[in-house]
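Spelled out, the chains give:
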Amino acid sequence: MALAAPLLAALATFFAAAAGGGDAPPGKIAVVGAGIGGSAVAHFLQQHFGPRAQIDVYEKGTVGGRLATISVNKQHYESGAASFHSLSLHMQDFVKLLGLRHRREVVGRSAIFGGEHFVLEETDWYLLNLFRLWWHYGISFLRLQMWVEEVMEKFMRSTGTQGVWSAPKSFCSGAAAPLSPRIYKYQAHGYAFSGVEELLYSLGESAFINMTQRSVAESLLQVGVTQRFIDDVVSAVLRASYGQSAAMPAFAGAMSLAGAQGSLWSVEGGNKLVCSGLLKLTKANVIHATVTSVTLHSTEGKALYQVGYESEAGSGSDFYDIVVIATPLHLDNSSSNFTFEGFTPPIDDIQGSFQPTIVSLVHGYLNSSYFGFLDPKLFPFTNILTTDFPSFFCTLDNICPVNISASFRRKQPQEAAVWRVQSPKPLLRTQLKTLFRSYYSVQTAEWQAHPLYGSRTTLPRFALHDQLFYLNALEWAASSVEVMAVAAKNVALLAYNRWYQDLDKIDQKDLMHKVKTEL
């Protein structure tokens, strides 16, 4: 009987909407997750369906998800995604819409550490950097550049020829290239895709799908890039961006490498302000609870979904016309309590393994002698990437706070500074002592940051049921903040087109040809 009252209320709402005519918007929409994907999809759903649709956003943690900050000495620092690519069009639009500002950039030099010495060091002279690449690796860096540009020719705007050596700055931040301008055109005209394969095919036909099934290393070796360059440079970039090796799929790897091109930016005050700002603008109802189940109820051929959740007040549930899962579904214990019930066939092929990443913010004095500089004053780098050795950390960055005043200056190498260490496991005390002479504090955040590529054999779908969607499916092709924003727009359009049965806007096969004429 406890279930009867809310179910009857939901049915009454449904029949009232049906009585209003076929153009009635959905009454209630649930979004699970308040990271960039969930916040963006709530915004896009309200844009399409209007203010009459109530949007509930469930979040078990803090708004922002993998966009987060940590406080050190009353200053806030990015602990999640630190910056975005200049061509991240959705993110640029969000910042303008919310009246936010770009943070002032404080430049620094980068290097790649091989365990015993630096295998590559950036200087202040661009031509000298290119000469060093040629001296160490021949024309491999040019072949890499040509491969990336060939892949991106269909997939993103021309990026110029800045050279691969801009990579270290980009990939210490976790930035990646945005999706093709073509996808933004498709979305501007209301087209959507029900699966990741359909979306990739619309952008590059079978070529991009094939790139999700072969490795970065295999692809680069075929175009003449040497194994040494892959081991030293490409692997360091991929470790910094994904925490994975050149054995990862070529498509995600190419997106990561392409992210080196163009400038980067971040949000003054913290990147998570985009998420909280979008939810406030949308007037979404944020429910702090852990969603445990989604159950299907059929009402005269129309799907109705019951979302079960656990909060501090206890267990609860509510009914929705549309449900969007905007959080990764893991194969570990964190997702074992999440179930789909009442679906035929069952929904059981969307989970996967994710790559854990530990971010440690260490306030202390760098042990420059570990990197071969006995005098700390002579240490010139602010960003350090690593090859496969040493294996206990991936990147080390001297980071700036999210609020940078006009008088701000970066700490000198001999001074105590805030360093961000990215590692696959929590740093042991002995490892901290290896990297730092001494330190005042260590604060950590653990993320299931990116899919563990290769742990799934197929690409998941956005549409799990008539009006049930998995936004994070696109992460299994490539993973970045802008990719999540693109997925959010796609899911909102997919829900809208399905709700109003505009099927000509879904999974069109000939969009590559239409773009030359209609679009």
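Just so we're clear, the structure is a prediction, and the values are computed from it rather than from any experiment.

Participant: What is the right way to look at the packing of aromatic side chains in this model?
Facilitator: This model, assessed by the stated rule, comprises 34 aromatic pairs. When the centroid spacing of 5.7 Å and the interplanar angle of 45 degrees are considered together, the rings of Phe44 and Phe94 count as tilted. You can see Phe44 sitting in helix α2 (residues 36-49) and its partner Phe94 sitting in helix α3 (residues 89-98), a full 50 residues away along the chain. Looking at Phe94, the relative accessible area reads 2%, which means it is buried. A ring pair is formed by Phe49 and Tyr500, whose centres lie 6.1 Å apart and whose planes are at 40 degrees; its orientation type is tilted.

Participant: Can you walk me through the pairing of strand β1 (residues 28-32) in this structure?
Facilitator: Consecutive side chains along a regular strand alternate between the two faces of the sheet. Most of β1 is tucked away, with 5 of its 5 residues classed as buried. Going residue by residue along β1, you find Lys28, Ala30 and Val32 tucked away on one face and Ile29 and Val31 tucked away on the opposite face as well. Looking at chain direction, β1 and strand β2 (residues 54-58) are connected through 5 bridges and run parallel. Bridge assignment links Val31 to a residue of β2, and that residue is Val57. With α2 bridging β1 and the parallel β2, this β-α-β connection has right-handed handedness. Bridging between β1 and strand β13 (residues 322-325) involves 4 bridges; their strand directions are parallel.

Participant: Honestly, the side chain of Asn398 in this entry has me stumped. Any pointers?
Facilitator: Secondary-structure assignment places Asn398 in strand β17 (residues 395-398). Non-local contacts of Asn398, meaning those with residues more than four positions away in its chain, are made with Thr382, Arg410, Lys411, Ala417, Val418 and Trp419.

So, how was this worked out
Residues numbered from 1 in each chain as written. Predicted model: local features only at pLDDT ≥ 70, side-chain atom pairs only at ≥ 80, totals over all residues. Heavy atoms only, no water. Phe/Tyr/Trp six-rings, centres within 6.5 Å; stacked < 30°, edge-to-face > 60°. Helix = DSSP H or I, 4+ residues; strand = E, 2+ residues; numbered from the N terminus. Buried < 20%, exposed > 50% of the residue type's maximum accessible area, 1.4 Å probe, protein only. Pairing = 2+ DSSP bridges. Right-handed = clockwise from strand over helix to strand, strands pointing away. Contact = heavy atoms within 4.5 Å.

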